[in-house]
Structure formats: structure tokens, C-alpha cells
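Chain by chain, the residues run as shown.
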Amino acid sequence: MAKDYLSKSINAKASYLDRAGILEEVHSTPSFTVYAILSASVINGYIAGATLYIDSNNNLIADQSEFTGYYSDDNGYFSFDSTHSGAIIAAGGINTDTKLTNQLALFAALEASVISPFTTLIYAYSLEYGTSIPNVETQVQQRLKVQEDVDLLHFDPY
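Residues numbered from 1 in each chain as written. Predicted model: local features only at pLDDT ≥ 70, side-chain atom pairs only at ≥ 80, totals over all residues. Heavy atoms only, no water.

Enquirer: Describe a nonpolar patch on the surface, listing the residues and the values that go with them.
Expert: Where nonpolar side chains cluster on the molecular surface, the patch consists of Phe118, Leu121 and Leu144 and spans about 260 Å² of accessible area. Tracing the sequence through the fold places Leu121 in helix α1 (residues 117-129). (Patch = residues over 30% accessible without salt bridge, like charges linked within 9 Å, V, L, I, M, F, W, Y side chains within 5 Å. Areas by Shrake-Rupley, 256 points an atom, 1.4 Å probe, with all protein chains shown as cover. Salt bridge = Lys/Arg side-chain N within 4 Å of Asp/Glu carboxyl O. Helix = DSSP H or I, 4+ residues; strand = E, 2+ residues; numbered from the N terminus.)

Here's what the structure looks like:
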């Protein structure tokens, strides 16, 4: 679903001909809100207990007002629904490989299924230079000599 529809109410309208051939219209009384279901894994080694934010103001800072109330699980995975748009930010947590505290804020576009140093680089560059995510991903693949068939927004090396 397009990001433009997030947090918007949608009303339904139907038109039909009645038995006498007169055009009738029916409008929905209740409306519903469109949610995005966000799910991904936080990876720099899996990061357990990362605090998750939606960067709705695009400042690349995990502002307290953007806290989702969610954390990554013991395998770095999370899933929740949201009406907000912006990057997903993962901050803090514990690297499950090293058992060290994660000191990095990691970012990813909403369409990513991983939040990693790669997605952080791609998102930050895209935001700073106004370049599309796919274009930046291609540039990163080329400059780091990553094979074209490796989708960095979805690549989980574990």
C-alpha cells in the first residue's frame, strides 16, 4: 500500500440502478484507517532488545516522540502495525554474537525487511541527496563490489 494512504480514513461509495432504473448511491458511514505492517530483523549480528522508532520528521534521530513502544526480540526480529511513515530506526540493544551493547543507531526505509549498516547507509544517503532508494542501493552495490543479485534491503547474512 502506498505511503500516501497511511493514517488516512477511507470511505466507500457504491452506485447502482434500483428496480425502477434510477441511479442510487450508497456511502459508507464508518471509515477505516490504513496501517502499514512493519516487520524486519535488526542485524549487525542480530540485535536483541533494540528500541524501535519511526523517524517521521526525517532528522535521523530517534526522538522520544517517535518511539513505537516496540523492541526487537532475542533474534533481532520485530513486527507491528503503524499509521506513521518515515524510516525505521533501531537503537540500543545487545549484539547476540558479541554480547556487547549496540552503540549504533541503524536505519531502514519502510520497505526493507532488515535494518543493517547497509540499509543505514542507503537510507541516509538517499535522504541527504534526494536520490531514490533503488538508485542508492545500486550505487552502494557497485562501489562496495557487492553482486547485483544481493538485495541489500532484504539481505540477511545469517
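Enquirer: Give me the lowdown on the environment of Val140, citing residues and values where you can.
Expert: Within the fold, Val140 resides in helix α2 (residues 133-143). You can call Val140 buried: its relative accessible area is 9%. (Buried < 20%, exposed > 50% of the residue type's maximum accessible area, 1.4 Å probe, protein only.)

Enquirer: Residues and numbers for the packing of aromatic side chains, please.
Expert: Per the stated rule, a full pass over the model turns up six aromatic pairs. Aromatic pair Tyr70 and Phe80: ring centres 4.5 Å apart, planes at 5°, arrangement stacked. Taken together, the positions of Tyr70 in strand β8 (residues 67-71) and Phe80 in strand β9 (residues 77-82) put the pair ten residues apart, joining distant regions of the chain. For Phe80, a relative accessible area of 5% corresponds to the buried category. An aromatic cluster of at least three residues, connected via ring pairs, comprises Tyr53, Phe67 and Tyr71. (Phe/Tyr/Trp six-rings, centres within 6.5 Å; stacked < 30°, edge-to-face > 60°.)

Enquirer: Run through the sheet that holds β8, naming residues and quoting values.
Expert: On the basis of which strands lie adjacent, the open sheet formed by four strands has the order β8-β7-β10-β12 and antiparallel pairing. With one partner strand each, in any of the chains shown, β8 and β12 (106-108) form the two edges of the open sheet. Sheet twist, expressed as the average angle between the axes of neighbouring strands with direction ignored, equals 25°. (Pairing = 2+ DSSP bridges. Axes fitted to C-alpha atoms, helices over the stretch in contact; angles between N-to-C directions.)

Enquirer: Describe the side chain of Ser41, listing the residues and the values that go with them.
Expert: Mapped onto the secondary structure, Ser41 falls in strand β5 (residues 36-42). With residues near it in sequence (within four places) discarded, Ser41 still touches Tyr46, Gly76, Tyr77, Ser113, Val114 and Ile115. (Contact = heavy atoms within 4.5 Å.)

Enquirer: Could you give an account of the environment of Glu128, with specific residues and numbers?
Expert: Relative to the helices and strands, Glu128 is located in helix α1. The sequence separation of Glu128 and Asn58 amounts to 70 residues, and the corresponding C-alpha distance is 9.9 Å.

Enquirer: Which residues make up unusual backbone geometry, and what values do they have?
Expert: Despite not being glycine, Lys99 shows a phi value in the positive range, around 65°. In this model, Lys145 sits at a positive phi of 60°, which is unusual for a non-glycine residue. Relative to the helices and strands, Lys145 is located in the segment after α2. Lys145 gets classed as exposed once you look at its relative accessible area, which sits at 73%.

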